[in-house]
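# Secondary and tertiary structure notes
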There are 2 protein chains.
Amino acid sequence: MRPKAFPILVDGKWRPARASETFRAVNPAAGEFLPEEYPVSPWADIAEALAAGARAALEMAAIGPEPVARFLEIFPKLVEGRKGELVSAAHLETALPTEPRLGSVEFPRLLDQLRQAAAACRDRSWCRATIDTKLNIRSMFGPLGGPVAVMGPNNFPFAYNALGGGDFASALVAGNPVLAKSHPGHPSTTRIMAEAALEALRAAGLPSASVQLLYHFAAEDGLRLVSHPSVAATAFTGSRPSGMALKEAADRAGRPIYLEMSSANPVFILPGALAERPDEVAGELFQSCMLAAGQMCTKPGLVVLLDDPAGQAYVDRVKNAFESAEAVVLLGPKVLEGLREASARLAQGGAQRVAGGREPSGPGFRFSPTLFRISGTGFLRDPGALQVESFGTLSLIVLSKDMAEMMEIASRLEGHLTGAIYSHRDGRDDREYAALEPILRTKVGRLLNDKMPTGVAVSPAMNHGGPYPATGHPGFTAVGFPAAIIRFAALRCYDNVRPDRLPPELKDNNPTGRMWRLIDGEWTQKSV
Amino acid sequence: MRPKAFPILVDGKWRPARASETFRAVNPAAGEFLPEEYPVSPWADIAEALAAGARAALEMAAIGPEPVARFLEIFPKLVEGRKGELVSAAHLETALPTEPRLGSVEFPRLLDQLRQAAAACRDRSWCRATIDTKLNIRSMFGPLGGPVAVMGPNNFPFAYNALGGGDFASALVAGNPVLAKSHPGHPSTTRIMAEAALEALRAAGLPSASVQLLYHFAAEDGLRLVSHPSVAATAFTGSRPSGMALKEAADRAGRPIYLEMSSANPVFILPGALAERPDEVAGELFQSCMLAAGQMCTKPGLVVLLDDPAGQAYVDRVKNAFESAEAVVLLGPKVLEGLREASARLAQGGAQRVAGGREPSGPGFRFSPTLFRISGTGFLRDPGALQVESFGTLSLIVLSKDMAEMMEIASRLEGHLTGAIYSHRDGRDDREYAALEPILRTKVGRLLNDKMPTGVAVSPAMNHGGPYPATGHPGFTAVGFPAAIIRFAALRCYDNVRPDRLPPELKDNNPTGRMWRLIDGEWTQKSV
C-alpha cells in the first residue's frame, strides 16, 4: 500500500490496510478528485475485522446494554463538537448544500437519531420481553451473535452513514458490533465520524472491535462478506443491482440481509385534487423532485393522473417549473450516468421528454431537471421498465385515460417504499380513493395523503421499508425505533431457565422500572 | 384424471383436479397402500387457486378481521364434531397412537391453537398498532396482499396440518387467504379438515377462496409456486433438502418464505447433573427420543457430556434403555430410508453404534431405537455432518475430554431450534453454565434448563424457531401468538392519512376497547 493512504479502523486501532490499491473521492461540484487517498481493502482486512468482531460480540453479550447506551450518548456529543469539519467534508464530497441541508437538516437529524437510539437502548422496551408466568417460558429479542456489516448509501453522508447512521445505531442497540464500510463517495466524512466513534467507545467502555471501519473493497469481497459464516447480518442501502447481487449471496448462505434498494414512489393525483389546487400540487411535486437534486430514495418518480384538460394543464405547470430550474449538481459521475440510462430507458419505453435534456454548462456532474410523460396505455405496455427508480431529478407523469386504467396501473406496480394519493379536501374523490387505496396499500410501505413522500421522520410509527424489490422483506423498517432495531436481533426463548440465569430483561423484577414487557398477555411496566 | 380420485378445493368448490396422475397414502403400520386415491395437481390447478386467492385477498381486506375471527371459532367446533373420523384417519395414515397422542394430546392442541388464534384475531393487539400523535404517523402490521402457500410436515397431522395448523391459523389472522398443500402422507386427514373448513368459512362469511386445498404437486411446481408473483408468502415445515430448494426459489424471486427445516437439538449435560441424578437424566433423554418414534423436530439428537466414569455410565444407562425398547413404527418409507442414511452418515463420520441396528420383525416401516457415540475429538473432525438432524429415534452422544472441548463443540454448532443444559440443582455447575450459555445462546431459538426440548407449548413467549439452517431467519417463531402471525404481515405506515380513511386499528378510538397499541411510546388500551 502506498503509505500516504489513510489507515483503516480494525479492533480499536487505526492501522494501514493491507491494500495495494487506493481510491480518492470526487468533488462533484468541481468534477475533480479530492486529495485524500483511501485504501481498497483486500479480503485479509475484512477477515481480520470479522474475527475481531466475532470476539467483540461475545464481549458485548457479557457486559450488557449499559455501555452501548453510554456510547450512543457520548458519540453524538463528540460528533457535534466536530460539526464544522464534518459539514465541510460532506459538502466537498457530496456537493450537498452546506445550508440548510447538511448543517441544519441532516446533521441535527443524525444527532437526534443517535439520541433516540440511546434512549431505546436505556429503555430496553425494544426487545419485546414476553413472559408466560404460568408455563415459565420467557422470550426477548437479543443480539445475533456476531458483527453486523453496514454498507451505507451515497446520498446521506450523516444520517445514513455506515458509521453513525440509522442502521449503525440499530445494530448496536441490539447488542451487535458493527463492521462499517464507508460509501466510497464520502470517505473523509466517514473517517471523522469513525474518529469520534473510537473516542466514544473507549469512553463508554465498549470492546475495541465493537465499531470498525473499512473504506472500500472489491465487489466480490462484498459478496464474500455478506455470506460469511461470521457475519451476523448485513444492512445495505444503495442501488438495486448491487443490492440484488448482495441479496443473492447472503440468501444462499442463509445470512440475514436488510436491503433498501429502489423505489419510484408513485403519486396518484385524483381529479378533485387537480380541480381544487393544481398550483399547490404542482409546486409540491416540483419541490419534492428538486430536494437534494432528486437523490432521495423517496423522490416521487412516477406520477399518475387523468388525461383530461386539468391533467394536461398540470403537466404543463410541472414542465414549466422543471424548465425554469437550474441544473442540479449530482453526487458523482455514477448518478449522472444512471440518469442518462434512465432517460434512455424511458424514451425506449415510449415516454416523451417534456422538460430537461439540455447539456448543462459548468464544471462537475450536472443535470437538467427532467420530466417525461406517457399515456396510461403506453405505461401498461411495459410497466416493469417504466417504474424503475431514476435516482435524481427525473420523473415520469402517466396520463391515464380513465379511473379504470389508473387502477390497472396501480395493480401493475411492484413494491415501493411509498405511495401517495392526492384528493380534494371536500371528499369528492372518496369513491376513487376507496377503490385505489386497497390496491396501492399492498404495494408500498408508507401510504401518504396529500403529501409528498420525501420527508422521512424518525418516529416509532415510521415505516421506511416496503415490499420487494423496494427492500428484501415487507415486515421491516430502516427508520424509526424500536422497530428498526429488531432487524438485527434474534428471538431468544428461555424455557424453564433458572431465575438467576435469566437476562435482566426477563427476570421477575422490571430491570429499569419502566421497561414495557408483555406479561401474560398484558403490556406492563410492572414487575412480575 | 381417473374419476375415482378425490376432488380438490378451489375457490369454494370441490372439483376434480386437472390431474392425470394420482397417489395413495400408505398405512405405515401395515406397509400397505390405503384405498383412497388423491390427485397430483398440475400447474393449471395451482394457477387457478392462486388467481382465486388473489381475489380473495382483496375481498378479505374489504371485510376486515371479524369474519376471520368467526371462522376460527366455528372451524374448531366443526373439527371437534368430526374428532372420531379425524383420529381414525390420522392413525391409519401416520401410525401415531390413537391414545394418548392423537386423541388426547394433538387434537386438543389443535383446537386450543385455533381458539388462541381466534382470540388474537378479535383482540387485534397482534398488529402492533403504533401511533405518533404529534407527527400524525401511524403504522400497523396488515395482510400481505395475496394468498399464503402453506406446506405442512408429515409428523403432526393435526397441529401442523397445512389446513388447520399453526401456520394456517397465523396466515389467516394476518388477513391472508391460505392455499394449503396437504402433506401426501395424510391426505384423508387433511380432506376432512378441509370439509370442515369449507363449512366454517361459509358460516363465517369469508370469501370462497380464503381456504383452498391441493393434495400434491410435482417438486418443480412447488418451486414455481413459492416464487410466483401472486403468492404473498410461503410457510414450509419439512425436510432440509426440500426446504433449501424452496428457499432458493423464493429468495431469488423476493417472495417471503418461512421454513422450519431441521434441528439436532443439542443437549449439554454438565458434570454436576450427572453426579446428582444420572437415572433421571437418562430416563428423560430416552423418553424424549421415543416420543412419536423420535419423529419430532425437537427430538434431542445430539447429547454432549464429559468422557469420565460418570459419562461412561450414563451412556450405558441410555444404551440399556434404547436396547430394551421395542422397535417403533415410522410415518412412512421415507423416514426409514432417512434413518438408514443417517446411521450410515454417523458411522462414516466415525461414530460407533451402541444400540439399535437390528432389523425389526413385523409389517410396515419399523426401526430399532438407535444410539451412537463418538469422542469430542471425533465430533470436531466433522461437526457439520455429525449434527445433521436424524428424524426418528436415533441420537448421538458426544463424549468430550474436558470442558474446553465441550465449549469448542458448542461453538461449532450451526443453528438449531433448541439447546438444553442440564446442571446440578445446588449450583455447582454454575461456572460451566456461565461459560457455555453465551456460546449456545446464539445458536438456538429456545434455550432450556434441566428439561428436554420435545414439548412445544403454544404460548406468546414460545420461540419455535432458530438461526439458519434450523429455519430461514432467526427473528421469527412458528408457534405462539401473536408472534407467529407477524410472519405473514407487512408493516403498513399511514402518513398524514385522513382520519376517516385510517383502518379501525389506527383511528383515535380504540376499536375493541382493549386492543394494546403503542401510542407516543406507551403501550396502552386507551383511545388517543
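Quick caveat: nothing in here was measured; it's all calculated off a predicted structure.

### So, the overall build of chain A
Helix and strand counts for chain A stand at 17 helices and 25 strands. The C-alpha radius of gyration of chain A comes to 24 Å, within 12% of the 24 Å expected for a compact globule of 528 residues. Counting only C-alpha atoms, chain A reaches 75 × 65 × 40 Å along its principal axes. Burial status across chain A gives 63% buried among its 528 residues. Relative to all contacts within chain A whose residues are 6 or more apart in sequence, the contacts with residues 24 or more apart total 75%. For chain A, the exposed area adds up to about 17,600 Å²; of that, 53% sits on carbon and sulfur atoms.

### A look at the interface of chain B and chain A
Counting residues at the interface gives 66 residues for chain B, matched by 66 residues for chain A. Interface of chain B and chain A: buried area, both sides summed, is about 5,600 Å²; carbon and sulfur atoms make up 52% of it. Summed over the three residues of chain B that lose the most area to chain A, namely B:Leu491, B:Arg501 and B:Trp523, the buried surface amounts to 12% of that side. Our enumeration of links across chain B and chain A arrives at 10 salt bridges. Taking the shortest distance from any N to any O, the salt bridge between B:Asp450 and A:Arg498 comes out at 2.9 Å. Between the two partners, chain B and chain A, sit 42 residue pairs in polar contact (both at pLDDT 80 or more). Elements with a minimum of two residues in the side of chain B that touches chain A: strand S7 (130-132), strand S8 (137-143), helix H8 (240-253), helix H16 (430-441), strand S22 (444-449), strand S23 (489-495) and strand S25 (522-524) of chain B. Per-element tally for the side of chain B that touches chain A: the top contributor is S23(B), with 7 residues. The residue makeup of the side of chain B that touches chain A, split by class, is 28 nonpolar, 18 polar and 20 charged.

### Section: the packing of helix H8 (residues 240-253) of chain A against H8(B)
Running from N to C, H8(A) and H8(B) point in directions that differ by 160°, and their axes come no closer than 10 Å. Taken together, the axes of H8(A) and H8(B) lie roughly antiparallel to each other. Crossing hand, H8(A) versus H8(B): right-handed. Contacts from A:Lys247, A:Glu248, A:Asp251 and A:Arg252 in H8(A) reach B:Lys247, B:Glu248, B:Asp251 and B:Arg252 in H8(B). Split by residue class, the contact of H8(A) with H8(B) holds no nonpolar, no polar and 8 charged.

### Structural notes on the pairing of strand S20 (residues 394-400) of chain B
Residues and elements named next belong to chain B. Counting buried positions over the 7 residues of S20 gives 7, a clear majority of the element. Burial of S20 is two-sided: the residues Leu-394, Leu-396, Val-398 and Ser-400 facing one way and the residues Ser-395, Ile-397 and Leu-399 facing the other way are all buried. Strand direction decides the pairing type here: strand S15 (residues 302-306) and S20, joined by 5 bridges, are parallel. Paired with Leu-306 across the two strands is Ser-400, which belongs to S20. Summarising the sheet, strand S19 (residues 370-375) and S20 pair through 6 bridges and their orientation is parallel.

### A look at the sheet that holds strand S8 (residues 137-143) of chain A
With mixed pairing, 12 strands are arranged side by side in an open sheet as S25(A)-S24(A)-S7(A)-S8(A)-S23(A)-S22(B)-S21(B)-S14(B)-S15(B)-S20(B)-S19(B)-S17(B). Looking at the sheet topology across the chains shown, the edges are occupied by strand S25 (522-524) of chain A together with strand S17 (352-355) of chain B. Strand-to-strand twist of the sheet, defined as the mean angle between neighbouring strand axes without regard to direction, takes the value 25°. The pairing of strand S7 (residues 130-132) of chain A with strand S24 (residues 517-519) of chain A spans 2 bridges and is parallel.

### Considering the relation of the copies chain B and chain A
Screw-axis analysis of chain B against chain A gives a translation of 0.0 Å along the axis, an RMSD of 0.0 Å, and a rotation angle of 180°. Here the transformation between the copies is reduced to the relation of a two-fold axis. When you check the interface residues of chain B against chain A, 100% turn up at the interface there too, and the contact is symmetric in its surfaces.

### Notes on the side chain of B:Asn449
Position of B:Asn449 among the secondary structure elements: in strand S22. A distance of 3.0 Å separates the side chain of B:Asn449 from the side chain of B:Tyr433, its partner in a polar contact.

### Quick notes on empty space enclosed by the protein
Gaps left between atoms show up when a probe the size of a water molecule is rolled over them. Considering all chains together, one arrives at 7 cavities of 30 Å³ or more under this definition. As a volume, the largest cavity reaches approximately 460 Å³. Contributions of two or more residues to the lining of the largest cavity are made by strand S12 (233-237), H8 and strand S13 (257-260) of chain A together with H8 and strand S13 (257-260) of chain B. In the lining of the largest cavity, the residues fall into 14 nonpolar, 11 polar and 9 charged. In this structure, the second largest cavity spans a volume of roughly 130 Å³. Around the second largest cavity sit 16 residues that line it, and B:Tyr258, B:Leu259, B:Thr471, B:Ala478 and B:Arg487 are the ones nearest its centre. Secondary-structure elements contributing two or more residues to the lining of the second largest cavity are strand S12 (233-237) and S13 of chain B. No other element matches S13(B), which puts 4 residues into the lining of the second largest cavity. Tallied by class, residues from the lining of the second largest cavity come to 6 nonpolar, 7 polar and 3 charged.

### As for unusual backbone geometry
Here A:Tyr468 and A:Pro469 are connected by a cis peptide whose omega angle stands at 5°. A cis amide bond links B:Phe481 to the next residue, B:Pro482, at an omega of 5°. Checked against the element boundaries, B:Pro482 lands in the loop between S22 and helix H17 (483-486). The phi torsion at A:Asn136 lies on the positive side, around 50°, for a residue other than glycine. Its location among the elements puts A:Asn136 in the loop between S7 and S8.

Calculation rules
Residues numbered from 1 in each chain as written. Chains lettered and ligands numbered in written order. Predicted model: local features only at pLDDT ≥ 70, side-chain atom pairs only at ≥ 80, totals over all residues. Heavy atoms only, no water. Helix = DSSP H or I, 4+ residues; strand = E, 2+ residues; numbered from the N terminus. Rg over C-alpha atoms; globule rule 2.2 N^0.38 Å. Buried < 20%, exposed > 50% of the residue type's maximum accessible area, 1.4 Å probe, protein only. Contact = heavy atoms within 4.5 Å. Areas by Shrake-Rupley, 256 points an atom, 1.4 Å probe, with all protein chains shown as cover. Buried area = accessible area lost by both parts, 1.4 Å probe. Salt bridge = Lys/Arg side-chain N within 4 Å of Asp/Glu carboxyl O. Polar contact = N/O pair within 3.5 Å; in protein donor to acceptor, adjacent residues only side chain to side chain. Nonpolar A, V, L, I, M, F, W, Y, C, P; charged D, E, K, R; others polar. Axes fitted to C-alpha atoms, helices over the stretch in contact; angles between N-to-C directions. Parallel < 35°, antiparallel > 145°, perpendicular 65-115°, else oblique. Left-handed = near helix turned anticlockwise from the far one by under 90°. Pairing = 2+ DSSP bridges. Least-squares fit on C-alpha atoms with pLDDT ≥ 70 in both. 1 Å grid on protein atoms, 1.4 Å probe; cavity = no way out; pocket = protein on both sides within 12 Å on 5 of 7 lines; lining within 4 Å. Points joined across faces, edges and corners; volume = space filled by probe spheres on them.

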